[in-house]
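# Remarks on the overall topology
The residues making up each chain are set out below.
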Amino acid sequence: MVPTPITRERWEELYRQEFARVYRALLAVLRDPDRALDALHDAFAAGLRRPPAVDADLSGWLFVVAVRAARRFPLPLPRLDRARTPIAKDEIAELLDRMEVGRLLAGLSQRQRAMVVAQYYLGLDHREIARQFGVKTGTVSATLAQAKARMRAEVRNAS
Amino acid sequence: MLPELSIERVFRREIDTLPVPPERSWVPTERGAHSVALSAAVIAGAALLVIAAVSSVLDVSDAASAQRPRLIGFPPNALPRCTPPATQTPSGRCVAPVPIAYRNQAYGYNLVIPGEWHDVQIQIPPQRAGGLLDRQVFTGRAASDWLMVTDTTAAAWDLDVQVWDRRGLSATEWSYTLGPCDHAVVSFGGHCQSTTGRVGGVDAIITTVAVGGNPAYTVSYYIERGDRILILRYVINTNAAPPAGVNEETLQRIVASLGLD
């Protein structure tokens, strides 16, 4: 639960609490540590400008805002004094390819991956995913059903 | 089959093992505990010292060699190649101009630009000023090659520095109302990305706007300075050849050298 209005200090504190979980979720979706970090920074900035609603699930909110930012603009941002993540992109891709999760997600679209990760990793229900992504609950159900079908096919092919 | 609980377990167990970056990089504005301006000044200073030292050593060596017959010369294809903007002298050494410290006294900012760059003050017709107080364009092009600027944006690969009357708007408000992120120009949710960063030791709003379908994008830095706003902007367009030796890093280095009163 996020109080409103929110101070920068409070926002930063809440953001830090959720960082690791949301960052990992973004890595699973974007497969790129720099894009994941840039996207999460965008979500932080967006929250400073317009904090999430009081009853919003904070990790879900950060995740969706970051996914949107990454999808909206795939170009890298200027670096200047921005610290880079020491994690190599190839390293993450290899790591995900070795994981069952990585293989399951690899066959999905970015939107499907985002919704699957929101449900199975961040624990959001369909209603919350719909609210965060700004779509109807039926759209979420359909997208997730398609994604699960693909994942099942992936499991069948692998076995 | 994939039972729901099993999927959840696999997702949580595996995704939780993915690495996270160091904590210092988590929050955008906290990164880089030291001032960018200070770093830039130190780097520029170090560069000046190195250039001065190399030049004096080479000058001494040239003077000495002038007094004695040259015994062995470099065959032409063995001469070291110089990376632009450095040029090669007949003796084979690479010479680069010393960086220029630019000072805008009236609006209280400094920049370090490469030695072969120059600034162009844009005359602002009073009837079109609309709050624009000052505008300088920094370019690596020769004066004869310098291109036209539009009302808001200089040519690709130039750095456009504008000072505006802030009119009570914050840097964030400026970034999405009076620049290339203007919703009237860029469809909302389209190609404008905004973030925060530190430039000149202060917070800045940084926007990157793609020009639909083109391999071009505009990067703008918005910095509040009392009742004014300072905007640094450049356009990267891979379809437009940059001046020799200029790339996005050149422009970022100039921006990072910003010093404010």
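Scroll up a little and you will see the structure.
Below: a short report on this structure.

What follows concerns the environment of A:Asp42. Within the secondary structure, A:Asp42 sits in helix H2 (residues 33-49). The exposure class assigned to A:Asp42 is buried, which follows from its relative accessible area of 4%.

Residue and element names in this part refer to chain A. Its 23 residues place the ends of helix H1 (residues 8-30) only 27 Å apart at the C-alpha level, less than the 33 Å of an ideal helix rising 1.5 Å per residue. Along its length, H1 shows its largest kink, about 55°, at phenylalanine 19. Taken from the residues just after H1, arginine 31 is the one with a positive phi, measuring 60°.

A few words on the pairing of strand E9 (residues 202-210) of chain B. Residue and element names in this part refer to chain B. Judged by how many residues are buried, E9 sits mostly within the fold: 7 of 9 residues are covered. When strand E8 (residues 192-199) meets E9, the two strands line up antiparallel, connected through 8 bridges. Residue cysteine 192 lies in a different strand from E9, and its bridge partner there is valine 209. Turn length for the E8-E9 hairpin, with the two strands adjacent in sequence and antiparallel, is 2 residues, and the turn residue glycine 200 shows positive phi of about 60°. Bridge analysis of E9 against strand E10 (residues 216-225) gives 6 bridges, and the strand direction is antiparallel. Note that in E10 the partner of isoleucine 206 across the bridge is tyrosine 221.

Attention now goes to the side chain of A:Asp32. Position of A:Asp32 among the secondary structure elements: in the loop between H1 and H2. Its relative accessible area of 10% is what places A:Asp32 among the buried residues.

Right, let's talk about the packing of aromatic side chains for a bit. Applying the stated criterion across every chain yields a total of 11 aromatic pairs over all chains. Measuring from ring centre to ring centre gives 4.3 Å for A:Phe19 and B:Trp26, while their planes differ by 10°; the resulting arrangement is stacked. Taken together, the positions of A:Phe19 in helix H1 and B:Trp26 in the loop between helix H1 (4-15) and helix H2 (36-66) put the pair across two chains. A single burial state applies to A:Phe19 and to B:Trp26, both of which are buried. Ring centres of B:Tyr102 and B:Phe138 lie 4.8 Å apart, and the angle between their planes is 80°; this geometry places the pair in the edge-to-face category. Of this pair, B:Tyr102 sits in strand E3 (residues 100-104) while B:Phe138 sits in strand E6 (residues 132-139), and the two are 36 residues apart along the sequence. B:Phe138 matches B:Tyr102 in its accessibility class, with the two residues each being buried. In textbook terms, an aromatic cluster arises when at least three aromatic residues are bridged by ring pairs, as seen for A:Trp11, A:Tyr15, A:Phe19, A:Tyr23, A:Phe44, A:Trp61 and B:Trp26.

Attention shifts here to the nonpolar core. In terms of nonpolar packing, the biggest core is built from 58 residues, with A:Leu26, A:Leu40, A:Leu62, A:Phe63, A:Val116, A:Val117 and B:Phe11 touching the most fellow members. The element that contributes the greatest number of residues to this core is H1(A), accounting for 12 residues. Ignoring anything within four residues of it in the chain, the contact list for A:Leu26 reads A:Arg31, A:Ala36, A:Leu40, A:Phe63, A:Ala66 and A:Val67. If you look at the next biggest cluster of nonpolar residues, it comprises 28 residues, including B:Trp117, B:Leu159, B:Leu232 and B:Leu258.

The rules behind the values
Residues numbered from 1 in each chain as written. Chains lettered and ligands numbered in written order. Predicted model: local features only at pLDDT ≥ 70, side-chain atom pairs only at ≥ 80, totals over all residues. Heavy atoms only, no water. Helix = DSSP H or I, 4+ residues; strand = E, 2+ residues; numbered from the N terminus. Buried < 20%, exposed > 50% of the residue type's maximum accessible area, 1.4 Å probe, protein only. Expected span 1.5 Å × (residues − 1). Bend = angle between axes of the 7 residues up to and from the residue. Pairing = 2+ DSSP bridges. Phe/Tyr/Trp six-rings, centres within 6.5 Å; stacked < 30°, edge-to-face > 60°. Core = buried A, V, L, I, M, F, W, Y, C linked by side-chain atoms within 4.5 Å. Contact = heavy atoms within 4.5 Å.

None of the figures reported here should be taken as evidence of function without further support.
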